[in-house]
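This is what each chain is made of:
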Amino acid sequence: MHDRLIALELDPAVADASEVRDYWLLLKPNVMSLVVFSAAAGLYLAPGNLHPLLMAVALLCIAVAAGAAGAINNSYDADIDRMMARTRRRPTATGRIRPDDALAFGVTLACMSVMVMGLALNWVAAAVLALTIAFYVFVYTMWLKRRTPQNIVIGGAAGAFPPIAGWAAVTGDVSLAPIALFLIIFTWTPPHFWALSLDRCEDYARVGVPMLPVVAGADTTRRHILAYTLALLPVSLLPWWLGLASGLYALAALALGAGFVRFALKLSRDRTKRTALRTFRYSIVYLFGIFLTLVLDKGAQAWGLAW
Amino acid sequence: MARDQDSRRRIKNIALALILAAFAALFYLITIVKMSGGGT
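All values reported here derive from a predicted model rather than from experimental measurement.

### Quick word on the confidence of the model for chain A
Part 1: Of all residues in chain A, 94% attain a pLDDT of 70 or more, and the chain-wide mean is 92.
Part 2: Confidence scores differ between elements of chain A, with helix α1 (residues 2–7) of chain A showing the lowest mean pLDDT of 46 and helix α12 (residues 162–171) of chain A the highest of 97.

### Here we look at the environment of A:Phe193
Part 1: For A:Phe193, the position within the fold is in helix α13 (residues 176–199).
Part 2: Each C-alpha atom, one on A:Phe193 and one on A:Ser283, is 9.2 Å from the other, the two residues being 90 residues apart in sequence.

### Describing the interface of chain B and chain A
Part 1: With 12 residues of chain B in contact, the opposing surface of chain A contributes 12 residues.
Part 2: Of the residues belonging to the side of chain B that touches chain A, the class tally is 6 nonpolar, 4 polar and 2 charged.

### Comments concerning the nonpolar core
Residue and element names in this part refer to chain A.
Part 1: Within the largest apolar cluster, 100 residues are counted, with the highest numbers of intra-cluster contacts made by Ala58, Ile62, Ala65, Met117, Ala125, Leu129 and Ala165.
Part 2: Considering each element in turn, this core owes the most residues, 15 residues, to helix α5 (residues 52–76).
Part 3: Both domains that furnish three or more residues to this core are identified here as domain 1 (1–154) and domain 2 (175–307).
Part 4: With residues near it in sequence (within four places) discarded, Ala65 still touches Ala110, Ser113, Val114, Leu129, Thr132 and Ile133.

### A word on α5(A)
Given 3.6 residues to a turn, an α-helix orients residues that are three or four positions apart in the same direction.
Part 1: Across its 25 residues, α5(A) extends 36 Å between first and last C-alpha, which sits within 8% of the 36 Å expected from 1.5 Å per residue.
Part 2: Of all 25 residues in α5(A), 20 are buried; the element is thus mostly enclosed.

Definitions and cut-offs
Just so you know, the residues in each chain are numbered from 1, in the order the chain's sequence is written. Naming scheme: in the order in which they are written, chains are lettered from A and ligands are numbered from 1. Local features are withheld for residues below a pLDDT of 70 in this predicted model, meaning they are given only at 70 or higher, and side-chain atom pairs are given and counted only at 80 or more; totals for whole chains, interfaces and linings count all residues. A residue's pLDDT is the predictor's confidence in that residue, given on a scale from 0 to 100. Here a strand is any run of E in DSSP of at least two residues, a helix any run of H or I of at least four, and the numbering for each starts at the N terminus. With C-beta atoms placed from the backbone, a contact is any residue pair whose C-beta atoms sit within 7 Å. When residues are sorted by character, Ala, Val, Leu, Ile, Met, Phe, Trp, Tyr, Cys and Pro go into the nonpolar class, Asp, Glu, Lys and Arg into the charged class, and all the rest, Gly among them, into the polar class. Only buried Ala, Val, Leu, Ile, Met, Phe, Trp, Tyr and Cys residues enter a nonpolar core, and they are joined through C-beta atoms within 7 Å. Residues with at least 20 neighbouring C-beta atoms inside 10 Å of their own are called buried, those with 12 or fewer are called exposed, and the rest are partly exposed, where every C-beta is derived from the backbone. Domains are outlined according to an automatic or database domain assignment. Each residue after the first adds 1.5 Å to the expected span of a helix.

Rendered as structure tokens:
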């Protein structure tokens, strides 16, 4: 790590070109939005009442923790980010922020988010938050990403923790229901990232990141995407099975899942990058749809409109 | 170039000061809510 930082040492004048906006970009705001949305769903679905200010603080802590993990990831991956088209504009890749500055920024935010969550909400939620950051940084970024094509299968757990953190912020414990939400994101992550990596295969190959299309080929990846989208169908029904959601949710989840399977089937026949990118985009719509339906379903249950 | 750098540095310092002020205000509000029994 130290050698990598030295190798990326930059002209101080260039590094000082950083602006507030660069620090914002370091937090990966696009990723943060999905994290905040799934965490908000966890907060809303959890039984119990929480003061609106504390709800906002919990969401802020989860968002800052996600951003902190992103900043540390940017710091560690600066060497490969500058060689990939998708990431070459990141502040650590362009040299506007030095990797060690990004690391310090990320660690500071991580500590603050966990501490505030613990003090303002409860220490179970804080522990889940700390686990999320540690998993993303140590397990995914440092251990798995450059070593195995299963990187995003196992590392995807990091992105699946936010609904548990949101739930724990309200209840102070972790039960089966938030674990069902975790499993939905966990099963959704591989086809989501593999669809993207089919489109960016050359990028990953160039920097030596062993994504599945690079190591096993595009056809195997397409088969894996189909298998995971099929597995996602029963997993997405878990909230209904556990009594967290009604039959209306189950129908919506099946419809959204059928759409995902349709894209995966199309991808296995039509091997263009355009279809891979469309599958990737649909996967985002799918996850937003699932969590939005869960939230609306709870509202419908409260009004006696669901069954 | 030096003026640009100074300007960027000043904006970053102001941003940091605002964040710290917001952080202090947040802790103040959290304390009020917790003391009034609105917390968990």
